[in-house]
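Listed below are the residues making up each chain.
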Amino acid sequence: GIQVEQSPPDLILQEGANSTLRCNFSDSVNNLQWFHQNPWGQLINLFYIPSGTKQNGRLSATTVATERYSLLYISSSQTTDSGVYFCAVELRSNDYKLSFGAGTTVTVRA
Amino acid sequence: NAGVTQTPKFRILKIGQSMTLQCTQDMNHNYMYWYRQDPGMGLKLIYYSVGAGITDKGEVPNGYNVSRSTTEDFPLRLELAAPSQTSVYFCASNRADYGYTFGSGTRLTVV
């Protein structure tokens, strides 16, 4: 079946630290997105990144589609970065449907 | 541009009651989706639609129904609510090469 695996499941950071979140997926992709779910439950779209590298401020992401993984980098973390980060994938074998990983819970301490 | 709008934001239902969760998008996206998120879990797909008049089941469709009479609206109907349907429900729409946009969610409790 469809597999989207995220690691680590939990991450505790001191403010100012850098971190890397990983997403492995089981098949070729049409679409890969990273979302941040804030403590109020809102899902914020961070990156649409089926391949390549993108940067947005302190966040960047890289997807190596041929090796079936994606990485989300958080630099100089802030307390507002706390929340759950989801990787979601639309596999070519499962068109039109976005499958979510279990998420990485990030806690940034002041 | 409002994006994806869901109503209501919160609702408490008694076992056996029915309700409709509303979802509308103003981006003219053909693809729309309903997901549910149980505590501490990722999102699971309930139903999706690739255009007006076309719907299909996702991973967890039992206990739900949908319709898509217009491009903008994609309501989710719960018949005979059960405690297992206590969850947060998210509606989303999708445009190729841009990705999914999610609504702010509906928190439903069945007691």
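Residues numbered from 1 in each chain as written. Chains lettered and ligands numbered in written order. Predicted model: local features only at pLDDT ≥ 70, side-chain atom pairs only at ≥ 80, totals over all residues. Heavy atoms only, no water.

1. Concerning the side chain of N94(B)
Tracing the backbone shows N94(B) in strand 9 (residues 87-95). The class for N94(B) is buried, based on a relative accessible area of 6%. Excluding its chain neighbours within four sequence positions, the residues that come into contact with N94(B) are E90(A), H29(B), N30(B), Y31(B), Y33(B), G99(B) and Y100(B). (Helix = DSSP H or I, 4+ residues; strand = E, 2+ residues; numbered from the N terminus. Buried < 20%, exposed > 50% of the residue type's maximum accessible area, 1.4 Å probe, protein only. Contact = heavy atoms within 4.5 Å.)

2. Focus: the state of the cysteines
Residue and element names in this part refer to chain A. Tallied over the full model, the rule gives two disulfides over all chains. With a sulfur-sulfur separation of 2.0 Å, C23 is cross-linked through a disulfide to C87. Disulfide C23-C87: the torsion about the S-S bond is -60 degrees, which places it as left-handed. Here the residue C23 occupies a position in strand 3 (residues 19-25), and C87 occupies one in strand 9 (residues 83-91), the gap between them amounting to 64 residues. With respect to class, C23 is no different from C87; both count as buried. (Disulfide = S-S within 2.5 Å.)

3. Details of the sheet that holds strand 7 (residues 59-64) of chain A
Residue and element names in this part refer to chain A. As summarised here, the arrangement of the five strands in space is 1-3-8-7-6, forming an open sheet in which the pairing is antiparallel. On the outer flanks of this sheet lie strand 1 (4-7) and strand 6 (52-56), each paired with one strand and no other. Taken pair by pair, the neighbouring strands of this sheet meet at an average axis angle of 15 degrees, ignoring direction. Bridging between strand 1 and strand 3 involves four bridges; their strand directions are antiparallel. Within strand 3, the position partnered with Q6 by the bridge is C23. (Pairing = 2+ DSSP bridges. Axes fitted to C-alpha atoms, helices over the stretch in contact; angles between N-to-C directions.)

4. Looking at the interface of chain A and chain B
The partner chain B presents 17 residues to the 16 residues of chain A that form the contact. The largest share of the area that chain A buries against chain B comes from L43(A), Y48(A) and Y96(A), three residues that together contribute 36% of it. Summed over the shared surface of chain A and chain B, the result is zero salt bridges. Counting every contact that joins chain A to chain B gives six residue pairs in polar contact (both at pLDDT 80 or more). Among the elements of the structure, strand 4 (29-37), strand 5 (43-48) and strand 9 of chain A are those that each provide at least two residues to the side of chain A that touches chain B. With four residues, strand 4 of chain A is the largest single contributor of residues to the side of chain A that touches chain B. The residue inventory of the side of chain A that touches chain B, partitioned by class, reads eight nonpolar, six polar and two charged. (Buried area = accessible area lost by both parts, 1.4 Å probe. Salt bridge = Lys/Arg side-chain N within 4 Å of Asp/Glu carboxyl O. Polar contact = N/O pair within 3.5 Å; in protein donor to acceptor, adjacent residues only side chain to side chain. Nonpolar A, V, L, I, M, F, W, Y, C, P; charged D, E, K, R; others polar.)

5. Remarks on the packing of aromatic side chains
Residue and element names in this part refer to chain B. The full count for this structure, using the stated rule, is eleven aromatic pairs over all chains. Pairing F90 with F102 gives two aromatic rings, centres 6.4 Å apart and planes at 80 degrees, and the pair type is edge-to-face. One end of the pair, F90, is in strand 9; the other, F102, is in strand 10 (residues 99-102), with twelve residues separating them in the sequence. The lysine or arginine in question, R68, covers the ring of F74, its NZ or CZ lying 5.9 Å from the ring centre. (Phe/Tyr/Trp six-rings, centres within 6.5 Å; stacked < 30°, edge-to-face > 60°. Lys NZ or Arg CZ within 6 Å of the ring centre and 35° of its normal.)

6. Considering the sheet that holds strand 7 (residues 64-66) of chain B
All names here are of chain B. The four strands lie next to each other as 1-3-8-7, forming an open sheet whose pairing is antiparallel. Edge positions in the sheet fall to strand 1 (4-7) and strand 7, since each has one partner strand and no second. Within this sheet the neighbouring strands show an average axis-to-axis angle of 20 degrees, counted without direction. Pairing analysis gives four bridges linking strand 1 to strand 3 (residues 19-25), with the strands arranged antiparallel. Looking at strand 3, one finds that T7 is bridged to Q22.

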